[in-house]
Structure formats: C-alpha cells, structure tokens
Amino acid sequence: NTLIALSKAMPKTELHLHIEGTFEPEQMFAIAQRNQVALKYDSVEALIAAYQFTNLQDFLDLYYQGMSVLLHEEDFYDLTMAYLTKVHSENVVHVEIFFDPQGHLSRDVSFDVQIKGIYRALQDAKQQWGMTSKLIMSFLRHLSEESAFETLALAKPYLKWIDGVGLDSSELGHPPEKFLRVFQACKALGLKVTAHAGEEGPPEYVWQAIEDIGVDRIDHGNRALEDNNLICTIQQRNLTLTVCPLSNLKLCVVDDMKDHPITRMLALGLKATVNSDDPAYFGGYMNDNYASLIQHTGINLAQLYQLAKNGITGSWMTRAQQSVHL
Ligand code: ADE
Ligand code: ZN
C-alpha cells in the first residue's frame, strides 16, 4: 500500500504520549524482576490477555498497576529510551511527552528520580539522533486540587526541564474547572497548558478547558464535534487537537475505525493531529495509527500530509524550529 509507505516515510511529531503508557509487557516483567516487585499477572501472555477495555477507567486501572514497578531513575530512563528508540525508527522527529508524577509519588518514588531518568533519555535522543522534545507534567484529575498544587511545588526546581502541564486520568466527574487555580499558577510560571477534554467527557468540559483554563491545545477533543458553537470556537482560535485513533478504538470512544472522526475534523478545518496516547496498551505506535486510518477510513494523501503538518505547527517548537521540518 503506497499510502502506508508514504505515511511511514513522512517526518512526524508525537504530541500526545504518556510515557507510562509505553511500558511494554516484556520490559514491565524485566523491571519488575530486577526490582523484586510482584505483578498481578504471572506471564506476559496473561497480562496482554487483560488488555480488553470497555472504557477509560478499565484501562487506567491496569495502567496504574503497570507503572507501579517503576522505582529507580534507571527504570524511568530505560522506559523512556525504549520509546524514543522505537519512534526514531518510525521517522518521528519531535516528541512532546507526558509523565504522571502523582502516579509515582503515591508510591514514594520522588519527583527527582522520575524526572532525572526521563530527562536524561530525552537528552540522549537529542544527542544521538537530533530528536527534539518537550516534557509535559500532567496532573491526575481524579486527585484533589491540593495534590496538584503539591506536585507543582515539587516541580519548581525543575522548571527549566518542563515545558508545559496537562490534565489526565478519569475524565467524567472531574471537569477542568476543578483545577482552574493550579493552571493559573502554572501559567504565571510561564508553562504551556493542555488538557484532556472530550475523550469521554461532554462538550462542556472542552468549553471549560478553552474558556476557563485557556489551554494552548486540546488532548482528544472528540466530543467537541457534538457542539457546533464549540467547533467554531476551536476553528477561530486555531487550537490543535491531539487525536489518538487506536486509543479511541481500544477505549470504545469510537465503535469502529471506519467511523473515526479525524477526517471530519479536517473537513471542518480543525487542526487535528495523529498520536498514540498509550501505545503499549492500545496496539500500536505512531505508524500503526496512520496505517489503521489508511486501512479503515477513506483518508487520502493530502489529508495524511495535513495531519503530519498539523503535528509540526501544533507543536510547542518555535517557528524557526518548526520550519526545519516543513
Ligand atoms: N492517562 C493515560 N492515558 C490517558 C487517556 N487516554 N485519557 C486520560 N488519561 C490518561
Ligand atoms: Zn492521553
């Protein structure tokens, strides 16, 4: 298939990626063993068999279990380096990755250990391949505003390594406005802001992310399509949507890849991008996401090119850095 070959060859960016969601079962078992931590599953096969999700929470339950074997700086380095090596082979030239500090702080793994391991891998990728990156600290929305503020305080010594903040985990019942003051504090520190919105949550949550929080982009945004005024607002503000096709399928945000809304988003003039979210859990990395769109939707070459271009112009690189890839 020519389109698949072309999509593999295109230089791409990844703007929606949870580093803890790149934890492949084999690596999870290896790190569990070296840290002498027990996993709930006794084989890679048994673990993979559990990757059958009917909604976001089903997945999150396994995601937090999986990351619980990460204890040392080396673990965070190895996890991040394995991901970067993989996407380097897929012609991904720039990544903006999330990490979930609270998912590790709750297990007494310090902020320092986490960020030092992740950041060192990002630097090595820059040195080895010229791959550029941004690091986004994400707040867990099922936890309190106070917990988010505590996390921000721990991040203060590392602000030179952190480009932005995000909002993830269980969306329903945890609207963006719950974190309004934390995001105001983050902005005052010069951090970029994004938030998961409209994955499972209603259009109202996307409105809050835009109007109350003032996000620089929107992660997912699928359900924004239910509200015409919201569509107009996203168009007018030229907000990037970090869309995740295979994630949407695995978490039943879409029932069938042939009905994925990404081509509709493009037709509406929305700045959609392709991303892998949690590739170790959802059945594929960047190129698999493109391949699935090509195989199941009527997407054409111009649209594929537009998606990749949106990934560059929607990134947090400077214009000068973007222009290298355009
Ligand atoms: N954490 C990791 N992946 C996520 C997703 N797709 N939605 C919300 N929280 C997440
Ligand atoms: Zn996500």
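Residues numbered from 1 in each chain as written. Chains lettered and ligands numbered in written order. Predicted model: local features only at pLDDT ≥ 70, side-chain atom pairs only at ≥ 80, totals over all residues.

*Asks:* Describe the overall build of the protein, with residues and values.
*Replies:* Helix and strand content of the protein: 17 helices and 8 strands. Taking 2.2 N^0.38 as the reference for a compact globule, 326 residues should give roughly 20 Å; the C-alpha atoms of the protein span a radius of gyration of 18 Å, in line with that estimate. With the C-alpha coordinates aligned to their principal axes, the bounding extent of the protein is approximately 50 × 45 × 40 Å. Considering the protein as a whole, with its 326 residues, one finds that 46% of them fall into the buried category. (Helix = DSSP H or I, 4+ residues; strand = E, 2+ residues; numbered from the N terminus. Rg over C-alpha atoms; globule rule 2.2 N^0.38 Å. Buried ≥ 20, exposed ≤ 12 C-beta atoms within 10 Å, placed from the backbone.)

*Asks:* Account for the UniProt feature "site: Important for catalytic activity" (unreviewed entry) in the protein, with residues named and values stated.
*Replies:* As annotated by UniProt and renumbered to match this structure, "site: Important for catalytic activity" (unreviewed entry) occupies His220. Setting aside residues up to four positions removed in sequence, His220 forms contacts with His196, Ala197, Gly198, Glu199, Thr242, Val243 and Cys244. (UniProt positions renumbered as here; feature names shortened; annotations may be inferred. Contact = placed C-beta atoms within 7 Å.)

*Asks:* Lay out the UniProt feature "binding site: substrate" (unreviewed entry) in the protein with the relevant residues and their values.
*Replies:* As annotated by UniProt and renumbered to match this structure, "binding site: substrate" (unreviewed entry) occupies Asp278. Relative to the helices and strands, Asp278 is located in the loop between β8 (271–274) and α14 (279–282). Note on Asp278: 25 C-beta atoms within 10 Å, which makes it buried. Setting aside residues no more than four positions away along its own chain, Asp278 makes contact with His18, Gly21, Tyr63 and Ser247.

*Asks:* Quick rundown of the nonpolar core? Include the residues and the values.
*Replies:* Ranked by internal contacts, the top residues of the largest apolar core, which has 82 residues, are Ile19, Ile97, Ile118, Val206, Ala209 and Ile218. Non-local contacts of Ile97, meaning those with residues more than four positions away in its chain, are made with Leu17, Ile19, Ser133, Leu135 and Ile136. (Core = buried A, V, L, I, M, F, W, Y, C linked by C-beta atoms within 7 Å.)

*Asks:* Lay out the site of ligand 1 with the relevant residues and their values.
*Replies:* The environment of ligand 1 is made up of His18, Gly21, Leu56, Tyr63, Asp168, Ser169, His196, Glu199, Ser247, Asp277 and Asp278. Residue composition of the shell around ligand 1, grouped by class: 2 nonpolar, 5 polar and 4 charged. (Near = placed C-beta within 6 Å. Nonpolar A, V, L, I, M, F, W, Y, C, P; charged D, E, K, R; others polar.)

*Asks:* Lay out the pairing of strand β6 (residues 217–220) with the relevant residues and their values.
*Replies:* Pairing geometry for strand β5 (residues 192–197) and β6, over 4 bridges, is parallel. In the sheet register, Ala195 faces β6, and the bridge partner there is Ile218. The β-α-β motif built from β5, the intervening helix α10 (residues 203–213) and the parallel element β6 has right-handed crossover chirality. The β-α-β motif built from β6, the intervening helix α11 (residues 228–236) and the parallel element strand β7 (residues 240–243) has right-handed crossover chirality. (Pairing = 2+ DSSP bridges. Right-handed = clockwise from strand over helix to strand, strands pointing away.)

*Asks:* An account of the packing of helix α5 (residues 73–88) against helix α7 (residues 111–129) is requested, with residue identities and associated values reported.
*Replies:* One way to put it is that α5 packs onto α7 with a least axis distance of 7 Å and a crossing angle of 35°. In this structure, the crossing between α5 and α7 has a hand that is right-handed. When α5 is examined against α7, the residues Glu73, Glu74, Asp75, Phe76, Tyr77, Thr80, Met81, Leu84 and His88 are found in contact with a partner set consisting of Val113, Gln114, Lys116, Gly117, Ile118, Arg120, Ala121, Leu122, Asp124, Ala125 and Trp129. (Axes fitted to C-alpha atoms, helices over the stretch in contact; angles between N-to-C directions. Left-handed = near helix turned anticlockwise from the far one by under 90°.)

*Asks:* Describe the sheet that holds β8, listing the residues and the values that go with them.
*Replies:* Overall, parallel pairing links the 8 strands, which are arranged β1-β2-β3-β4-β5-β6-β7-β8 in an open sheet. With one partner strand each, in any of the chains shown, β1 (12–18) and β8 form the two edges of the open sheet. Sheet twist, expressed as the average angle between the axes of neighbouring strands with direction ignored, equals 25°. Across the sheet, α7 lies against β2 (92–99) and β3 (132–140), angled at about 160° from β3, the strand it touches most.

*Asks:* Describe unusual backbone geometry, and please don't skip the residues or the numbers.
*Replies:* Look at Asn238: it is not a glycine, yet its phi comes out positive at around 55°. Examined against the element boundaries, Asn238 turns out to sit in the loop between α11 and β7. Look at Cys252: it is not a glycine, yet its phi comes out positive at around 60°. Within the secondary structure, Cys252 sits in the loop between α12 (245–250) and α13 (262–267). Overall, the presence of 14 C-beta atoms within 10 Å leaves Cys252 in the partly exposed class.

*Asks:* Tell me what's going on with the confidence of the model for the protein, and back it up with residues and numbers.
*Replies:* Predicted confidence across the protein gives a mean pLDDT of 98, with 100% of residues reaching 70 or more. Model confidence for the complex is summarised by a pTM of 0.99, with the ipTM given as 0.98. (pLDDT = per-residue confidence, 0-100.)

*Asks:* Please provide a residue-by-residue account of the environment of Gly164, values included.
*Replies:* Within the element layout of this structure, Gly164 appears in strand β4 (residues 164–168). Once the C-alpha coordinates of Gly164 and Lys134 are considered, the two residues, 30 residues apart in sequence, prove to be 7.9 Å apart. Excluding its chain neighbours within four sequence positions, the residues that come into contact with Gly164 are Lys134, Ile136, Leu191, Lys192, Val193, Thr194 and Trp316.

*Asks:* I'd like to hear about helix α9 (residues 180–188), residue by residue, with values.
*Replies:* All buried positions along α9 are accounted for by Val182, Phe183 and Cys186. Take α9 and look down its axis: the buried residues cluster within an arc of 95°, on one side only. Exposed and oriented more than 90 degrees from the buried face of α9 are Arg181 and Ala188. Where α9 is buried, its residues contact β3, α8 (145–155), β4, β5 and α10. Following α9 by one or two positions, Gly190 adopts a phi angle in the positive range, close to 85°. (Arc of directions from axis to C-beta.)

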